[in-house]
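Coordinate analysis (summary)
Each chain, written out:
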Amino acid sequence: MGVEAHATNERVTGRRWTVRLDPVGRGRADVRVSCSRPACAAQVLPSAAAGRTAAIGHLKAHLRAGPAPRPSAQCACRAEECHTHIRPAGPRERPVPWRCGGAVVLAVITDREGRWWQVMECCSRCAAAHSTAKVVATAPAAEAPARSDGFRADAAVPTTPGGTATPGGTAATTPTFSAAGPHFSHSATATAAGTAVPQQASAPRSGHGSDPRSAPRSARPPRRRPPRGRIAQRLVPHDLRPVALRDELTELGELFRAYQARTEPDLAMLADLHARKAEAFHAWAEATADTGLRLDARRAEQAAATARLQHLHRIGQAPDGEGPAVARLLTAPAQWNHARSVLAHVAENAPLPGAEARLLVVMVTLRTAQSGVGNLVGQDIKGLPLSDPEELVGQLVESGWLGISGTVEELIASRPENPTQITVPSLTPDEDDPGPFTFGRKLRPKLSGWAQRVVGEKKLRKGKTEAGVRLLALALATGSDGEGRLGPGGEGIGLDVLSSWCTVDSRDLPQLVDRLTAADWLAEADVTDTHLTGRLTERVLPLGCPLT
């Protein structure tokens, strides 16, 4: 027949490999970077920051040098029955590995601590099921599978444009081949696709003219149907009623495809989409009495619950009846916003310039925020990184911003059993001015304790970091999201904002960032011309006030 027999149509297993960052030994700062690919040797780096840089560079080198995702690959994630996927509530069935959704992609998945990075060749639906997945490449459209007769489904098909009379009375036809378009979901006609349309040819009968029945018919305009909606690998019927349900299913399919094309996940949006899908599929099942639709509706409900739980974990909130994912010192969004309001007030109303004066004003403001009156002891001041605490306190008193009962020397020498009373007139409320802050008396000591924990954190204290570094730590603690990523959505914080808050030149900010990185406060830090990006380390996440 001239055609090779039966090309194989088996799917290949999706690729998967992992780059890890592990400590070399207990009490040591160096780390080991390893790759699961056999040809890659492990590396030892002197610090975690250097290790993460090397690991990310190694991963990018693999992605640049490796082949693109293959459209015929089965999903590596689903093939190993990943627990992220939602299973039906009924008896457990082993899923067929390639029954996933969307195109085959190459996705990078990482843990939020930045200890491992995994590359998977999987379908786009499986990539969307992972909250940290980032798609780096998408496979082209899959080729049509081979048919049982040895031809490809999209191969050339024989046509017989005409025949030649033979002595035996039969027509000897010479087959010609023309490209045939797709057979499914294809609205173009054969002529529009450039396919040759065979014409009927016949010899005139003896004694008669040409038979009018043998003349070619005039081309009829193709009957076009409106485009059909598609959701979850199901086609929405044209005749589905009510029409509002058909429109909802069609719109949901488009929204899910748009979500899969996003570069960053939005788990709150995904949870809402799954909830709408569950409701629509329940209505579809009632209209058609289809058991499979009811099962899909239950899966959508489970997917909505899982995505909503993942979203709460990412922003640091707790579901009903459970504890928070991160045990934070300040536990509620209202407390986080009040902490930011205190820092904003100090930035606008600091009486003296300089990082040391700014840091002292923050601590004194938190001691007197509610009534304008508070107590202070010498250790509260001497515990801050101030070059000359007595002179600085004297300048605040001389400026009229701070009032103390006694002398500056007595304040520095005071002990907890005999504290010194202080007043800040600008914070003292009266009948006409209730003061700049709206939080209650019970919250003030919590905010003060939180700030003391941040600026007096063990590694910052042992590293003898200066006031500018402590101010930067306060800014980053209140300027990160639930996972510790800096800025709204992890987009970073502007250098002009940080420079103004820390009262340093923007050119000096990289030095402060390096000090925080060395103190294991920051990871993956990157200072560009305009922004600082990175994330807080897992160790200091409890001190964070996530952006809401």
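Values in this document were obtained by computation on a predicted structure and should not be read as measured data.

**Structural notes on the packing of helix H14 (residues 467–477) against helix H16 (residues 509–518)**
Interhelical geometry of H14 versus H16 gives an angle of 75° and a closest axis separation of 10 Å. One finds that H14 runs roughly perpendicular with respect to H16. Here H14 contributes Gly468, Val469, Leu472, Ala473 and Leu476 to the contact with H16, which in turn contributes Leu512, Val513, Arg515 and Leu516.

**A few points about the side chain of His338**
Mapped onto the fold, His338 is located in helix H7 (residues 333–349). Assessed through its relative accessible area of 18%, His338 is described here as buried. With residues up to four places along the chain from it excluded, the contact list for His338 reads Thr438, Phe439, Leu443 and Leu447.

**Concerning H7**
An α-helix turns once per 3.6 residues; consequently, residues spaced three or four apart project the same way. For H7, which comprises 17 residues, the first-to-last C-alpha distance of 24 Å matches the rise-based estimate of 24 Å (1.5 Å per residue) to within 8%. Of all the residues in H7, the buried ones are Gln335, Trp336, His338, Ala339, Arg340, Val342, Leu343, His345 and Val346.

**Here's the deal with helix H12 (residues 443–455)**
Its 13 residues give H12 an end-to-end C-alpha distance of 19 Å, which sits within 8% of 18 Å, the value for a rise of 1.5 Å per residue. If you check which residues of H12 are buried, you get Leu443, Arg444, Leu447, Ser448, Trp450, Ala451, Val454 and Val455. Here the buried residues of H12 occupy an arc of 160° about the axis, which is enough to place them on one side. On its buried side, H12 packs onto H7, helix H8 (355–368), helix H13 (458–462) and H14.

**Let's talk about the packing of aromatic side chains**
Centre distance and the angle of the planes are the two values used to describe a pair of aromatic rings. Going through the model one piece at a time under the given rule, you end up with two aromatic pairs. Note on Phe281 and Trp284: the rings are 5.5 Å apart at their centroids and 80° apart in plane angle, and the pair reads as edge-to-face. Highlighted residues: Phe281 and Trp284, both in helix H5 (residues 267–288), separated by three residues, approximately one helical turn. Ring centres of Phe437 and Phe439 lie 5.5 Å apart, and the angle between their planes is 25°; on these two criteria the pair is classed as stacked. By relative accessible area, which is 11% here, Phe437 ends up buried. Sitting over the ring of Phe281, Lys277 keeps its end group 5.4 Å from the ring centre.

**Some details on the sheet that holds strand S3 (residues 31–35)**
One open sheet holds the six strands; their spatial order is S4-S3-S2-S7-S6-S8, and the pairing between them is antiparallel. This sheet does not close on itself; its edge strands, each paired only once, are strand S4 (43–45) and strand S8 (134–138). This sheet shows a mean twist of 20° between the axes of neighbouring strands, independent of strand direction. Of the pairings in the sheet, the one linking strand S2 (residues 16–23) to S3 comprises five bridges and is antiparallel in character. What sits directly across from Pro23, in S3, is Val31. In this fold helix H1 (residues 48–65) packs onto S2, S3, S4, strand S6 (104–110), strand S7 (116–123) and S8, with an angle of close to 170° to the strand it touches most, S2.

**Describing the environment of Glu391**
Along the chain, Glu391 turns up in helix H10 (residues 389–398). Owing to a relative accessible area of 46%, Glu391 belongs among the partly exposed residues under this scheme.

**Focus on the sheet that holds strand S17 (residues 420–423)**
Ordered by their spatial adjacency, three strands build an open sheet running S15-S17-S16, and the pairing between neighbours is antiparallel. Strands with a single pairing partner mark the edges of an open sheet, and in this sheet they are strand S15 (373–376) and strand S16 (403–404). Here S15 runs beside S17; their pairing, made up of four bridges, is antiparallel. Residue pairing across strands places Gly374 opposite Ile422, the latter belonging to S17. Against the sheet, H8 touches S15 and S17, its axis set at about 120° to S15.

**A few points about the nonpolar core**
Membership of the largest hydrophobic core comes to 70 residues, with the highest contact counts inside it found for Leu360, Leu402, Trp450, Leu476, Leu516 and Trp521. Once residues within four sequence positions are removed from consideration, Leu360 is found in contact with Ile381, Leu384, Leu386, Leu392, Val393 and Leu396. Membership of the second largest hydrophobic core comes to 19 residues, among which are Ile231, Val236, Leu252 and Leu270.

Rules behind the numbers
Residues numbered from 1 in each chain as written. Predicted model: local features only at pLDDT ≥ 70, side-chain atom pairs only at ≥ 80, totals over all residues. Heavy atoms only, no water. Axes fitted to C-alpha atoms, helices over the stretch in contact; angles between N-to-C directions. Helix = DSSP H or I, 4+ residues; strand = E, 2+ residues; numbered from the N terminus. Parallel < 35°, antiparallel > 145°, perpendicular 65-115°, else oblique. Contact = heavy atoms within 4.5 Å. Buried < 20%, exposed > 50% of the residue type's maximum accessible area, 1.4 Å probe, protein only. Expected span 1.5 Å × (residues − 1). Arc of directions from axis to C-beta. Phe/Tyr/Trp six-rings, centres within 6.5 Å; stacked < 30°, edge-to-face > 60°. Lys NZ or Arg CZ within 6 Å of the ring centre and 35° of its normal. Pairing = 2+ DSSP bridges. Core = buried A, V, L, I, M, F, W, Y, C linked by side-chain atoms within 4.5 Å.

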